[in-house]
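Observations on the model geometry
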Amino acid sequence: MDVFGWFKKRPAAGQSIPLRPRDCHSHVIPGVDDGSRDLEMSLAMLRLLAGAGAQTVVCTSHLYPAKYDNTPDRLRAAFAQLEHATAAAGVGVTLELGAEHFLDDGLADRIRRDELLAFGPERYVLFEAHTGEHVPGPLFEVVRVLVERGYTPLLAHVERYHWLRGPDGDEICEDLRSAGTRFQVNRTVGKTNVPGEGTRGQFLARLLARNWIDEVGSDLHRPTPDGRPFA
Ligand SMILES: [Fe+2]
């Protein structure tokens, strides 16, 4: 039996990863990170996501010490304002509050102090890591602390990390999953994140073949098709 067969498996041409009814990763709260700049932009982004099929948009602004000056309470207040404005404008999406927690040496302690924002019936805690070559030191400690407290760790845009796409990536994925971590990937937009195309695409194809894509996000930062934070 070719145990590595899944690794070589190519997806059918034209395969993509579309948004699901719940967009689990977005930067639509205005003025708190590198996402939306103002309320008008936020409403345009939410209309765009509704048009792409989102019924629920989870607002996952950065909780990233020393980079963005956010706290769970600050995000709760900004979220309440956006939720009110969204309903008043008649945009047909439901909003939920989460956050994109940055994995640094302090994250485990912030979790222990309840400085986090979880969402959904899964009690997902979305977190991102650096994208470099080496497995982040506190990764498995953070996963353990979350699981011990009844949360489900949700690793953000797993296709981005060199340390997961490298030769040891499959084993690390298996270890993460058996420790209770779930995987979020960003949706396919144009030529970005097309399964099978390029290094990321090859990795996404492997995740698909293993049925390891748990959630999909737009990671939208701007009201543009690709939503990147540079426009
Ligand atoms: Fe993000």
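The paragraphs below set out a description of the structure included in this document.

Digging into the sheet that holds strand β1 (residues 22-23)
In sheet architecture, strand pairing relies on hydrogen bonds along the backbone and comes in two forms, parallel and antiparallel. Ordered by their spatial adjacency, three strands build an open sheet running β1-β2-β4, and the pairing between neighbours is parallel. If you trace the sheet from one side to the other, it starts and ends with β1 and β4 (94-97), each paired once. Those strands touched by helix α3 (residues 72-89) are β2 (56-59) and β4, and its axis lies near 180° from that of β4.

Details of the pairing of strand β8 (residues 182-186)
Moving residue by residue along a regular strand, the side chains alternate between the two faces of the sheet. Within β8, four of the five residues are buried, which leaves the element mostly enclosed by the surrounding structure. The pairing of strand β7 (residues 152-155) with β8 spans two bridges and is classified as parallel. Bridged to Leu-155 within β8 is Phe-183. As defined by bridge partners, β8 adjoins strand β9 (residues 215-217) across three bridges and the pair is classed as parallel. Across the sheet, the residue bridging to Asn-186 is Gly-217, located in β9. Following the backbone out of β8, through helix α8 (residues 198-210) and into the adjacent parallel β9, one traces a crossover that is right-handed.

Parameters and conventions
Residues numbered from 1 in each chain as written. Predicted model: local features only at pLDDT ≥ 70, side-chain atom pairs only at ≥ 80, totals over all residues. Heavy atoms only, no water. Pairing = 2+ DSSP bridges. Helix = DSSP H or I, 4+ residues; strand = E, 2+ residues; numbered from the N terminus. Contact = heavy atoms within 4.5 Å. Axes fitted to C-alpha atoms, helices over the stretch in contact; angles between N-to-C directions. Buried < 20%, exposed > 50% of the residue type's maximum accessible area, 1.4 Å probe, protein only. Right-handed = clockwise from strand over helix to strand, strands pointing away.

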